[in-house]
Each structure stands twice: as C-alpha cells, then as structure tokens.
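Descriptive structure summary
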Amino acid sequence: MKDKNYVLQMILSTALRFHWLGLGILLTVLGSVVASLIPPLVLGKVIDQLAAGTALPFSLIAAYFIWILVSGILDSSRESLLIVFGQKITHALRSSLSEKLTHLSADTLNEQEPGALVARFVGDVNTVETLFTSGIISMFADACKMISILFVVWTKTKGLALLLLVLLPIIFLFTRSVQKKTLAAQLANRAAVSRAVNHIPESVHCIRTIHTLGKEPYMEKRYDEYIGQCYRAIEKTNFYDSVYSPVILILNAMIVAVVMLFSASGNAGILAFFGMSVGTCVAIINYIAQVFSPLESLGMEIQTIQSAVAGVSRINHFLAQPERWAADDVPKDVPSHCVELRNVTFGYDENVVLKDVSFFVDTGEQVTLAGRTGAGKSTIFKLLLGLYQPQSGEVLIHGVNAATIADHAKRRIFGYVEQSFQMVPGTVKDQITLFDHSITDEMVYAAAKLVGIHETICHLEHGYQTECAPALLSQGQWQLLSIARAVAAEPQILLLDEITANLDAETEKTVLKALRNVSADRTVVSISHRIYDHTGGKIIEI
Ligand code: ATP
Ligand code: MG
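Below or above, wherever it landed, is the structure these notes cover. The residue count restarts for each chain, going from 1 along the sequence in the order it is written. Lettering for chains starts from A, numbering for ligands starts from 1, and both go in the order in which the items are written. A pLDDT threshold of at least 70 governs which residues receive local features in this predicted model, and a stricter bar of 80 or more applies before side-chain atom pairs are shown or counted, although totals over entire chains, interfaces and linings include all residues. Remark: hydrogens and water are excluded; side-chain values derive from all non-hydrogen atoms of the structure.

As for the side chain of Asn-252
Inspection of the secondary structure assignment puts Asn-252 in helix 9 (residues 216-264). In this analysis, two residues are considered to be in contact whenever any of their non-hydrogen atoms come within 4.5 Å of each other. In contact with Asn-252, other than residues within four places in its own chain, are Ile-288, Ala-289 and Phe-292. Think of it this way: any DSSP run of H or I at least four residues long counts as a helix, any run of E at least two long counts as a strand, and we number them from the N terminus.

Quick look at the structure:
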C-alpha cells in the first residue's frame, strides 16, 4: 500500500501558514536571478563607450556597482529566508513525529528500534530541511539562472549560445560523475573512520580477553587496516577535488578562446553567428564564468533531493502506522465484577503467553496473582491497563472493555506500581502528580503521608520542589514515592507488580506497611512471589 504523503501536506500547510515567507523567497529567488544578469551588460556598455572614446557617464559606473550590491543582498536574503522556512518545516515535522509517537499503540511501539526512531527524528528530518535550504528551491534558482544566461547570450551571439547548449549537458554529466565518485569516497571514509573509532572502546572493553589470549598483534593489525582504509578514501576525494576545478577552468578558457577566434575571423558567415563588439565580448566572458557555478550546484542539489526523498518516505511510513484504538468509554457503576478476564488468549506476535485465562476480582477484594516467571502476570496488568487487546476473550473493568477506557479516566481508576521506579524529569512533586493539574497540593501531601514519605520529602533542600536526581533518595524511598504516585489520584483499583522484589528485608517492611495503609477500602491486585499478609484474600494461579 502506498503511504499517504504526510510530509508534503505538512510542507504545504506550513507554506500557507507562513505565506509571507514563501512570497519573500519567491521574490528574492527571481530578483537575484535577474540582478545577477545585469552587471555584465552594464560592464559591456562601459567597455563599448571606452572603446569608442566617448566620455563615461558616472551613472553607468554607479549602476554597475549598485547592481552587484543588489544581487549580493538578494542572494543573502534568499539564503536567510530559506533557512527560516527550513526551520519552520523541521519544527512542524518533529512536533508531529513526537505527537505520533505518543499515539502509537503499545504493539507498534514494541516493534520500533530505538536507533531507527532517533534516525527518523534527527537524520531524516534534517534531510527534509536541506531539501529547502539547499535542494529544490536552490535548484529552481540555479536552473532559472542558467536558462536566463543562455537567453541573454543568445540575444548577443547565437553561435556561443548553440556551443553552450551542446557543451553544457556534457559538462553536467562529467560533474555528476565526479560528484558521485567523491560521495562514494566520502562514505567509505566515514565508514572507515567509525570502524577505527569503535576499535578503541572495543579494545578497552575486551582488554583482559586480548591479553589472556595474546591477541595484541591481531588487534593492532586490524586498527592498521582501518586507518589505511581511511587514508585511501581521503586520497580518492582529494584526487577528484584536484582534477575537477582545473578541468572546468580549462574548458572555460577554451570556450572563450574559440568564441574570440571566431569573432575575430573576417568570414561574414561566421561573423553572423559570432560577431560582437568589445563590450559584448567582455560581458560574454563574464557570463561564461557564471554559467559553470549553477551547473556544479545542480549536481549537489540532485544529490540532496535524492536523499531527502528517501527520508520523506521513511517519515511518511512512520506517520502512517496505526494509532491506538479510539477510547472514550468510562466505566459506570453498574453491578459487575470490578476486574474480570473472560477466556482471554493473548500473545506478543506469535508467542502465546496467556491461554484461555479467566478470573474475576470483586470490588474491595485483595488478591494475589501467582505463577512461575514468564507465566504472563505482568502481561495481565498491561491488558488491564488497556495497553494491549487480547486476541480472543474479554478484559473488563466494571463491565467495560479495558482498551476502550479513555486515557484521562485511567488515573482515577488504576494506581499502578511497577517493580522499579520510573523517574520523570522534574521535582519531587512532579513525580507524584505526573504534571496532572487536577491533583492538588493537598492530595499530594495526603498521598505522601499515607505511604510515610512526607517527612523525608520535607527534609529535602527544597521540600516538594526539590529537583529529582537518582541519588536523591534510596531505592526503598523511591518505591514509596512510586506508591504515593499511584494513590495520589485516589484510584479505585491498585495494581502492584512485585514492588518489593528489589528491597532488603528492613525496607520491605516499610513498604509493606505503606501498602497496608493504601490498600484499605481499595481493590488490590498484586503480583508477588511472597504472599503479602495484608491481602489475606484469594490467590489466583496463572
Ligand atoms: P516475571 O515473574 O518474571 O515478571 P511474568 O509472569 O510477569 O514474569 P511477563 O512479563 O508477563 O511474565 O512475560 C510473559 C512472556 O511474554 C515472557 O515470555 C516474555 O518474554 C514475553 N513478553 C513480555 N513482554 C513482551 C514484549 N513487550 N514483547 C514481546 N514479548 C514480551
Ligand atoms: Mg513480571
């Protein structure tokens, strides 16, 4: 299936939103093309007047410099506007990628490679930016410049225009072939450099094994090879660089020489094509020098566009991935079990983890899920939280399909405590509220007091406003904070996943005491290898 072109849509909507910027770019592009054509014409006039021995008006000299200045100003304005436009596009793209990331289903997120995701956010978005700063628009400007130079040359001397029409495609092909070879050499160099750079940490990491097995000469030889590959690639790049410029310069000189020879010949037939005044001659030399630089840029612009197209297609593919199912249902207080699994079968990909599992927990009950490691206990919590949908059967919270419960309602329904604390960037208070403004300071203090960590927090340098860092609290204290986070929004159901597994006996006692406090009047489903004495309720074998 062909992906919808989200990137193109975003570019168009950004262009519409910042239409003044777009207009500015269009005007500066066209303006700089026209302005760059004028100075050689003025120069031609100056020379013609000098050759004819007439007095040179000051306005002509002033016009020459003013047009050069205008052309320079338009060029740099175009570049600046393009950079701003590129940044607007990048901003819009990165925002929508990040929004998409939060909307992806847990299933889809499971399949994402973190490295590939980073490449999408950084590398691919950058290629789209370069599409504007040095791709499509510069290509349009360069093409306009070449066509207009050819047109002006045609009006002055048809012979040269024809000669250029024949030569330019050949020079373009030569330029592309040199550019492709240079790029291949640069890529080879980059790969060799990264191999050489990685060799050092790899050697340090395995230094004991290297010494034990006497592999020092082998490692040195490998490093030597990598460095050799780097130098060979650099030599190639230098060779292409050093060949290209002289070839173009010589061609430039040859074209000028051929035109001059023809225009100096006395043959009337040749002169009809190549005849010109001294001034026109100077203007023509100027134009010939100008025609090569857009030709060289065109090659690089094609390169940029090619890599941007690949980037755009990868971004489109990412943005086309399925999002989480629509969720807007909120459980009502109808008589049903608080939590219920009915004949649930679920697996990640082909790997079936839960097979026809059924159980229920009634409101106010405190139960423990038990089972061997890998049985799927944590998976059941993920199903209850609506992160995944079962392949068959039903996962119900107060009779409502768990996956259809809206995100905003979830915190009032579930408090979920994981085996280890997941810190968010921010203050101690932020850890508890998770930036939910409906949780008041009073609720935060009440939660912290309930789990017995209020005093500890008050003794921190800035109390609840202390910025969090891993060394701020002990592992047990983090776990208490995690429980405070779970109960802050006063949820009806607590899901506890082996929350004391990493704690020593003393700390475990503190955490269990906190649990007893928060479990009163709540439905509690815990996973534990040890059966908490506070549950006292039923044990469900998975
Ligand atoms: P433990 O007691 O060790 O925590 P558990 O009963 O909680 O085990 P789960 O974490 O539910 O077990 O995992 C059950 C199975 O599902 C395991 O075989 C695991 O490899 C697999 N699994 C868990 N999470 C994923 C995932 N995100 N993607 C693919 N497979 C997964
Ligand atoms: Mg588990």
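Regarding a nonpolar patch on the surface
On the surface, Trp-20, Leu-23, Leu-26, Leu-27, Leu-30 and Phe-140 cluster together to form a nonpolar patch covering roughly 650 Å² of accessible area. Counting residues per element, the nonpolar patch draws most heavily on helix 2 (residues 19-52), at 5 residues. With respect to the element layout, Leu-30 can be found in helix 2. Patch membership requires more than 30% relative accessible area and the absence of a salt bridge. Residues of like charge join within 9 Å; the nonpolar side chains Val, Leu, Ile, Met, Phe, Trp and Tyr join within 5 Å. What sets the accessible areas is the Shrake-Rupley method with a 1.4 Å probe; for residues, cover comes only from the shown protein chains. What makes a salt bridge here is a side-chain nitrogen of Lys or Arg within 4 Å of a carboxyl oxygen of Asp or Glu, nothing more.

Overview of the pairing of strand 8 (residues 523-527)
Across the 5 residues that make up strand 8, a large majority, 5, are buried. Working definition: with a 1.4 Å probe on protein chains only, accessible area under 20% of the residue-type maximum means buried, over 50% means exposed, and in between means partly exposed. Of the two faces of strand 8, the one holding Thr-523, Val-525 and Ile-527 and the one holding Val-524 and Ser-526 are both buried throughout. Strands qualify as paired when DSSP identifies two bridges or more between them. Here strand 3 (residues 366-370) pairs with strand 8 via 4 bridges, running parallel. From the neighbouring strand, Val-367 faces strand 8, where its bridge partner is Val-525. The pairing of strand 7 (residues 493-497) with strand 8 spans 5 bridges and is classified as parallel. Looking at strand 8, one finds that Ile-493 is bridged to Thr-523.

Digging into the nonpolar core
Of all hydrophobic cores here, the largest spans 35 residues; its most connected members are Val-451, Ile-457, Leu-481 and Ile-483. Those elements giving two or more residues to this core turn out to be helix 14 (428-433), helix 15 (441-451), helix 17 (475-488), strand 7 and helix 18 (505-519). With 8 residues, helix 17 is the largest single contributor of residues to this core. Not counting residues within four places of it along the chain, the set of residues in contact with Ile-483 comprises Val-417, Val-451, Ile-499, Val-511, Leu-515 and Val-518. Definition used in this section: a nonpolar core is a set of buried Ala, Val, Leu, Ile, Met, Phe, Trp, Tyr and Cys residues joined via side-chain atoms within 4.5 Å. Among the nonpolar cores identified, the runner-up in size contains 32 residues, and Phe-359, Leu-385, Val-395 and Leu-495 belong to it.

Details of unusual backbone geometry
Positive phi, normally seen in glycine, also occurs at Asp-356, with a value near 50°. Mapped onto the elements of the fold, Asp-356 is located in strand 2 (residues 351-361).

Topic: the site of ligand 1
Near residues are defined by distance, with any heavy atom within 4 Å of the molecule or strand qualifying the residue. By nearness alone, 14 residues border ligand 1, and Thr-373, Gly-374, Lys-377, Ser-378 and Thr-379 come closest of all. Throughout this description, a polar contact denotes any pair of N or O atoms lying within 3.5 Å of each other; where both atoms belong to protein, one of them has to be capable of donating a hydrogen while the other can accept it, and for residues adjacent in sequence the pair is counted only when both atoms sit in side chains. Here an oxygen atom of ligand 1 sits 2.3 Å away from a polar atom, N or O, in the side chain of Thr-373. Here an oxygen atom of ligand 1 and a backbone polar atom of Gly-376 are 2.9 Å apart. Isolated, ligand 1 exposes 630 Å² of accessible area, and the fraction of that covered by the protein chains is 66%. Take the shell around ligand 1: its biggest share by element is 4 residues, from helix 12 (residues 377-384).

Topic: a negative patch on the surface
Side chains of Asp-107, Glu-111, Asp-349 and Glu-350 sit close together on the surface and give a patch of like negative charge. Within the secondary structure layout, Glu-350 lies in the loop between strand 1 (339-348) and strand 2. When its relative accessible area of 75% is taken as the criterion, Glu-350 is described as exposed. When charges are tallied, Lys and Arg are placed among the positive residues and Asp and Glu among the negative ones, while His and the ends of the chain are skipped. Note that the charge is assigned to NZ on lysines, CZ on arginines, CG on aspartates and CD on glutamates.

Some remarks on the packing of aromatic side chains
For Phe, Tyr and Trp, where Trp contributes only its six-membered ring, two rings pair if their centres lie within 6.5 Å, and the inter-plane angle classes them as stacked under 30 degrees, edge-to-face over 60, or tilted in between. If you walk through the whole model with that rule in mind, you get 11 aromatic pairs. On the basis of an interplanar angle of 20° and a centroid distance of 5.8 Å, the ring pair of Phe-174 and Tyr-244 is categorised as stacked. Taken together, the positions of Phe-174 in helix 7 (residues 158-205) and Tyr-244 in helix 9 put the pair 70 residues apart, joining distant regions of the chain. Residue Tyr-244 is classed as buried on the basis of its relative accessible area, which comes to 9%. An aromatic cluster of at least three residues, connected via ring pairs, comprises Phe-346, Tyr-348 and Tyr-388. Consider the ring centre and the ring normal. A charge sits over the ring if Lys NZ or Arg CZ is within 6 Å of that centre and within 35 degrees of that normal. The ring of Tyr-218 carries Lys-215 above its face, with NZ or CZ at 5.8 Å from the centroid.

Digging into the sheet that holds strand 4 (residues 392-397)
If you trace the 4 strands from one edge of the open sheet to the other, you get 2-1-4-5, paired in antiparallel fashion. The outermost strands of the open sheet, each flanked by one partner alone, are strand 2 and strand 5 (400-401). Bridge analysis of strand 1 against strand 4 gives 5 bridges, and the strand direction is antiparallel. Within the sheet, the bridge partner assigned to Thr-345 lies in strand 4 and is Ser-392. On top of the sheet, helix 12 reaches strand 1, strand 2 and strand 4; it is set at about 115° to strand 1, its chief contact. Here the axes come from fitting lines to C-alpha atoms, over the contacting stretch only for helices, and the angles between their N-to-C directions go from 0 to 180 degrees.

What about the layout of surface pockets?
For the largest pocket, the calculated volume is near 800 Å³. Along its surface, the largest pocket is lined by 24 residues, and Leu-385, Lys-410, Arg-411, Tyr-416 and Leu-434 are the ones closest to its centre. Counting residues per element, the ones that place at least two in the lining of the largest pocket are helix 13 (407-413), strand 6 (414-417) and helix 17. The element contributing the most residues to the lining of the largest pocket is helix 13, with 5 residues. Residue polarity follows a fixed list, in which Ala, Val, Leu, Ile, Met, Phe, Trp, Tyr, Cys and Pro are nonpolar, Asp, Glu, Lys and Arg are charged, and the others, Gly among them, are polar. Grouping the constituent residues of the lining of the largest pocket by class yields 9 nonpolar, 7 polar and 8 charged. In this analysis a 1.4 Å probe is tested at points of a 1 Å grid over the protein atoms alone, and where it fits but cannot get out there is a cavity; an open set with protein on both sides within 12 Å along at least five of seven lines is a pocket; lining residues have an atom within 4 Å of a point. Grid points are joined across faces, edges and corners, and a volume is the space filled by probe spheres set on the points. Taken as a whole, the second largest pocket encloses approximately 230 Å³ of empty space.

Details of the pattern of salt bridges
The final tally for this structure, using the stated rule, is 9 salt bridges. For Glu-202, the salt bridge goes to Arg-222, with nearest N and O atoms at 3.1 Å. Here Arg-222 lies in helix 9 and Glu-202 lies in helix 7, a separation of 20 residues in the sequence. Its relative accessible area of 35% is what places Glu-202 among the partly exposed residues. Look at Arg-222 and you get buried, because its relative accessible area is 19%.

Section: the packing of helix 1 (residues 6-17) against helix 3 (residues 58-103)
Two elements in contact, helix 1 and helix 3, have axes whose closest approach is 10 Å; the angle formed by their N-to-C orientations is 130°. Classified by the interaxial angle, the pair formed by helix 1 and helix 3 is oblique. As helix 1 runs across helix 3, the sense of the crossing is right-handed. Along its contact with helix 1, which presents Val-7, Met-10, Ile-11, Thr-14 and Ala-15, the element helix 3 presents Phe-85, Lys-88, Ile-89, Ala-92, Leu-93 and Ser-96. For the contact of helix 1 with helix 3, the residue count by class is 8 nonpolar, 2 polar and 1 charged. Here the angle decides the label: under 35 degrees means roughly parallel, over 145 means roughly antiparallel, 65 to 115 means roughly perpendicular, and every other value means oblique. The sense of a crossing depends on the near helix, which, turned anticlockwise from the far helix by less than a right angle, makes the crossing left-handed and, turned clockwise, makes it right-handed.

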